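# Residue-level structure breakdown
Chain by chain, the residues:
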Amino acid sequence: MNLLWYKQPAAVWEGALPLGNGRFGAMIFGGVKQETLQINDITLWSGGPTDGGDRPDAYTYLEEIRRLVREKDFAAAQEMIVAHFTGIKDDTYYGSHTTMGEIGITMHHAAEYADYRRSLSLDSAIADTAYTVDGVRYTREHFISAPAQTFVSRFTADAAGAITMTVSYARPCCDVSVEGQDIVVRGKADENGDMHFCVRIRAVLRGGSIAPSADGCALVITGADEVQLLIAGGTDYIPDQSRQYKREDPEMMVRFTLDALYPDYAVLKAAHIADYRALFERTVLHLAGPSHDELPTDERICAFNERGGDIGLVTLYYQFGRYLLICSSREDNMLPANLQGLWNKEMKAPWNADYHSNINLQMNYWPAGPTGLISCMEPLCKYIEGLVENGRKTARAYYNAEGWMSGMNNNPFGYTSPGAGAPWGQFSVAGAWLCTHLYEYYAFTQDKAILERIYPVIRENVLFSLTTLIEDENGYLVTSPSASPENVYRTEDGLQGWVCEGATMDLEIIYETFRELLLLGEVRGGDEEFLAQVKAAMARLRPLRIGAAGQLQEWSGDWDLLAPERNHRHVSHMFGLHPGTMITPEETPELIAAAKKTLELRGDDGTGWSLAWKINFQARLGDGEHAYRHIERILRYAGGSEGQFNYATGGGTYANLFDAHPPFQIDGNFGATAGITELLLQSHRVYDANSFVLYLLPALPAAFADGSVRGLCARGAFTVHMTWHSGKLVDAQIVSGAGRRCVVRGDYTVLCHDVPVTCVTADDGLTAFDTVIGETYTLIPRG
């Protein structure tokens, strides 16, 4: 049952229930006498555009920094980097995602309530609250409609004239007034910011009366049978650098949104459900086994921690990740999902709720392709395209190089400079990692229009890599200066540092972008001279190194066992295993062994998103049991139902299923959903430029022994349905979306319309067959 439910109102924000239509979001607390609807717009940011993030003369220090690194004078190199090679970050222009305020609803109940229940249906994206006061049953329904671009809240009672309530609004830096039956809010993101926003809250009554409060800032509703609150909001942000990211004042747009509505609740609700389900119902997962739907969700998490045995909770958590992506990243979004998706109660969010591009933004989109939500990738792709112009300036300022780059933290205003601190700020391949998502967009869709759109962006980033790679002492190509995100080493001499030549993650990411550009070039044709340069450089990248303990080295030196934090949350040098393709059992068994050793040394614990990444690692290693242990860890209860938190065990899950980094970061939710998918289906291995190898049930844990799934997606534009029993595939149906050759690991009989299909079974255990667009192919395992 795809339902979160509770027996009490949310005591804290981490217990409230999230709604969203991609752009506009809300957190529903479910209070009885005092309800709170905390709202957000994904574009509401403090700060603004600036040319001041780069150090324009940074490149003049580059050669000296590289010399110091080459001579292993790491301390001097780091001192120079901090002084001259970091970005200049000032919060007055960098900014933060910020709340759009709180709508307060005071219910004038004279007695205490009973029979309370609140819930969130993932099947309809509707939150509801119900309770009884003095024998009257009160109900509320809330949803945020993408078709109507409106937040709709409906209050009803089973007795006539029973609804008396006051509606108010609160937030700093704004003016609030009442116009007729509307509360109108006009405000700025913060006292220093230049971004303006508007919110309009319209009350539509059946029965009763409405009047402004004595102070003229709230609506007082008396004796109504039913109340609808229609809420619209917007900002003057537009993702257009040529317009300084600013469009017309949003007030007219917000008013028009409400004026254009046909305020029939049944019509609005039906349109919302149909629109939402067109995305959510693409993937349906069923895992056989106990499902304790009878328990409230907060109690259910605690029970799972104590005794396990609730596979239904795992399925709910899986679908909740998909729900959050639909709610925070619709195709027409101006911005992608940020560190908190789009939900944020603060004027200045933790880590600004910005776009951390050293894993967090990327992890947000790992489930998009595999779980049938590839259209939700569009905002990320538009965002990456919007970084290119400033990224060229940053590349020139720091490397005097062609192409474009990005540092590890970005905002809505094209900020591409390196981070302002160390070691976290030194990550010149953030833009390259983002480019791998452009490739994924094409790989899952096989859309030639997308290919033509993304090719120049990836090409220009690859050009940056080509012009900034240098030879090491053995003639291999490496990056310099380089660091492994947010981690530090200790050398044999006792020096604690972070800079080196060619940190492993840098080389893995560059390898991936080179490989992907070559594949795209083969499909597209042309550009032979440049692609030949890429191929030659790819062959000269320094090979990955295995340390004395048998681990994959994180840095250029064998310092992993000396590192101050051997269990560091970032396991960046494992990028080549996941999400990359450089480390595979078929092609690099020695690196697979090193990867296993690395994870053993790193340990199984971590923050929320780190645990999610480890699910994916173990899935790629084919170890479903170990992956499931990480699923159990990420579902550790972090609190939120009674206002108390438990962070003693590290990362986990709040009462509302939000990921506890801690605090809340949404990437853990998305990463875990992606990891569970990787246990069921993988398609990262390339067969040729137009084909990928599909792995059906590659790492099924015993807890998933019986089940079925419909609507998973594989690269090559294939949709996959599967049924399995006792850990073995019964059959699979593969729908061809692009008419590509389908290659599947294993030996299968393949049927189309019950007619055998000609297959080629290779010595390496692969079954390959040609497909026709729109046709369904049934695979039955042999033996």
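The notes below deal with the structure included here.

A word on the overall build of the protein chain. Across its full length, the protein chain holds 17 helices and 38 strands. Computed over the C-alpha atoms, the radius of gyration of the protein chain is 27 Å, within 12% of the 28 Å expected from 2.2 N^0.38 for a compact globule of 783 residues. Dimensions of the protein chain along its principal axes, counting C-alpha atoms only, are 80 × 65 × 50 Å. Residue pairs at least 24 apart in sequence account for 68% of intrachain contacts in the protein chain once pairs closer than 6 positions are excluded.

A cis amide bond links H578 to the next residue, P579, at an omega of 5 degrees. For P579, the position within the fold is in the loop between α13 (528-540) and α14 (589-602). For the peptide bond that leads from P662 to P663, omega is -5 degrees, which places it in the cis range. Take P663: it is sitting in the loop between β26 (659-660) and α17 (667-680). Notably, K72 is not glycine yet its phi reads approximately 65 degrees, a positive angle. Locating K72 in the fold gives a position in the loop between α1 (62-70) and α2 (74-84).

With that settled, the discussion passes to the environment of L387. Relative to the helices and strands, L387 resides in helix α9 (residues 378-399). For the pair L387 and A211, spaced 176 residues apart in sequence, the C-alpha to C-alpha distance is 48 Å.

Let us look at the pairing of strand β5 (residues 102-107). Note that strand β4 (residues 34-41) and β5 share 5 bridges and pair antiparallel. Among the inter-strand pairings, E35 is bridged to a residue of β5, identified as I105. Two strands pair when backbone bridges link them, and β5 and strand β10 (residues 163-170) are joined in this way by 6 bridges, in the antiparallel orientation. Bridging from a neighbouring strand, T106 pairs with T166 of β10.

Let's shift gears to the sheet that holds strand β3 (residues 24-28). Pairing is antiparallel across the open sheet formed by 7 strands, whose spatial order is β2-β3-β4-β5-β10-β15-β14. Edge strands, defined here as strands with exactly one partner in the open sheet, are β2 (17-20) and β14 (209-212). With strand direction ignored, the average angle separating the axes of adjacent strands in the sheet is 20 degrees.

Another aspect to go through is empty space enclosed by the protein. Summed over the entire model, instances satisfying the criterion amount to 8 cavities of 30 Å³ or more. Considered as a void within the structure, the largest cavity measures approximately 300 Å³ in volume. As for the largest cavity, its lining consists of 26 residues, and the residues nearest its centre are W366, E440, P579, R620 and R715. Breaking the lining of the largest cavity down by element, the ones donating at least two residues are α10 (430-445), α12 (504-524), α15 (608-620) and α17. Among the elements that line the lining of the largest cavity, the one with the most residues is α10, at 6 residues. Among the residues making up the lining of the largest cavity, the classes are represented as 11 nonpolar, 8 polar and 7 charged.

Relative to the assigned elements, T36 resides in strand β4. In this structure T36 touches M27, I28, F29, E102 and I103, once residues within four positions along its chain are discounted.

Further remarks concern the sheet that holds strand β25 (residues 652-654). With respect to topology, 3 strands assemble into an open sheet ordered β24-β25-β26, the strand pairing being mixed. Unpaired on one side and paired on the other, β24 (637-639) and β26 mark the two borders of the sheet. Pairing analysis gives 2 bridges linking β25 to β26, with the strands arranged antiparallel. Within β26, the position partnered with T653 by the bridge is D659.

Here the focus is the packing of helix α11 (residues 448-468) against α13. Two quantities define a packed helix pair, namely the angle between the axes and the distance from one axis to the other. At a closest axis distance of 11 Å, the pairing of α11 and α13 adopts a crossing angle of 50 degrees. One way to sum up the angle between α11 and α13 is to call them oblique. Between α11 and α13 lies a crossing of left-handed hand. Listed contacts from α13 to Y455, R459, V462, L463 and L466 of α11 are F530, L531, Q533, V534 and A537.

Along its 18 residues, helix α7 (residues 311-328) runs 26 Å from first to last C-alpha, staying within 8% of the 26 Å computed at 1.5 Å per residue. Among the 18 residues of α7, 18 are classified as buried, and the element is accordingly described as predominantly covered.

F151, Y323, L696, F704, M722 and L779 are the most contacted members of the largest nonpolar core, which has 207 residues in total. Element by element, the count of residues in this core is highest for α7, at 12 residues. Here L696 is in contact with L680, L681, V720, M722, L729, A732, V744, Y748 and L779, once residues within four sequence places are set aside. Counting 27 residues, the second largest nonpolar core, distinct from the first, contains A58, Y399, V488 and V499.

Our focus in this paragraph is the side chain of N656. With respect to the secondary-structure elements, N656 resides in the loop between β25 and β26. A distance of 2.8 Å separates the side chain of N656 from the backbone oxygen of A16, its partner in a polar contact. Setting aside its immediate chain neighbours within four residues, N656 contacts L4, Y6, W13, E14, G15, A16, L17, M27 and F320.

It is worth spelling out α17 at this point. Here α17 spans 20 Å end to end across 14 residues, near enough to the 20 Å set by a 1.5 Å rise per residue. Within α17, 14 of the 14 residues are buried, which leaves the element mostly enclosed by the surrounding structure.

Before going further, it helps to spend a moment on the packing of aromatic side chains. Under the defined criterion, the tally for this structure stands at 35 aromatic pairs. Here Y113 and Y131 contribute two aromatic rings whose centre-to-centre distance is 6.4 Å and whose plane-to-plane angle is 70 degrees, an arrangement assigned as edge-to-face. With Y113 in strand β6 (residues 113-121) and Y131 in strand β7 (residues 126-133), this pair connects stretches of sequence that are 18 residues apart. The exposure class of Y131 is buried, given its relative accessible area of 0%. Plain terms: the ring middles of W366 and W613 are 6.2 Å apart, the flat faces sit at 55 degrees to each other, and that makes the pair tilted. In this pair, W366 sits in the loop between α8 (360-364) and α9 while W613 sits in helix α15, placing the two residues 247 residues apart along the sequence. As far as the burial class goes, W366 and W613 line up, both buried.

Bringing the environment of A170 into the picture now. The topology assignment puts A170 in strand β10. A170 gets classed as partly exposed once you look at its relative accessible area, which sits at 45%. The spacing of A170 and Y455 is 285 residues in sequence and 46 Å in space, taken between C-alpha atoms. With near-sequence residues (within four places) excluded, A170 lies in contact with G101 and E102.

With the rule as written, the count across this model stands at 47 salt bridges. As a salt-bridge pair, D225 and R206 come within 3.9 Å of each other at their nearest N and O atoms. Separated by 19 residues along the polypeptide, D225 in the loop between β15 (219-224) and β16 (226-235) and R206 in strand β13 (residues 196-206) bring together distant segments of the chain. Between D275 and R330 there is a salt bridge, with the nearest N and O atoms lying 2.8 Å from each other. One end of the pair, D275, is in helix α5 (residues 265-280); the other, R330, is in the loop between α7 and β18 (355-356), with 55 residues separating them in the sequence. Residue D275 is classed as partly exposed on the basis of its relative accessible area of 25%.

What counts and how
- Residues numbered from 1 in each chain as written.
- Predicted model: local features only at pLDDT ≥ 70, side-chain atom pairs only at ≥ 80, totals over all residues.
- Heavy atoms only, no water.
- Helix = DSSP H or I, 4+ residues; strand = E, 2+ residues; numbered from the N terminus.
- Rg over C-alpha atoms; globule rule 2.2 N^0.38 Å.
- Contact = heavy atoms within 4.5 Å.
- Pairing = 2+ DSSP bridges.
- Axes fitted to C-alpha atoms, helices over the stretch in contact; angles between N-to-C directions.
- 1 Å grid on protein atoms, 1.4 Å probe; cavity = no way out; pocket = protein on both sides within 12 Å on 5 of 7 lines; lining within 4 Å.
- Points joined across faces, edges and corners; volume = space filled by probe spheres on them.
- Nonpolar A, V, L, I, M, F, W, Y, C, P; charged D, E, K, R; others polar.
- Parallel < 35°, antiparallel > 145°, perpendicular 65-115°, else oblique.
- Left-handed = near helix turned anticlockwise from the far one by under 90°.
- Expected span 1.5 Å × (residues − 1).
- Buried < 20%, exposed > 50% of the residue type's maximum accessible area, 1.4 Å probe, protein only.
- Core = buried A, V, L, I, M, F, W, Y, C linked by side-chain atoms within 4.5 Å.
- Polar contact = N/O pair within 3.5 Å; in protein donor to acceptor, adjacent residues only side chain to side chain.
- Phe/Tyr/Trp six-rings, centres within 6.5 Å; stacked < 30°, edge-to-face > 60°.
- Salt bridge = Lys/Arg side-chain N within 4 Å of Asp/Glu carboxyl O.

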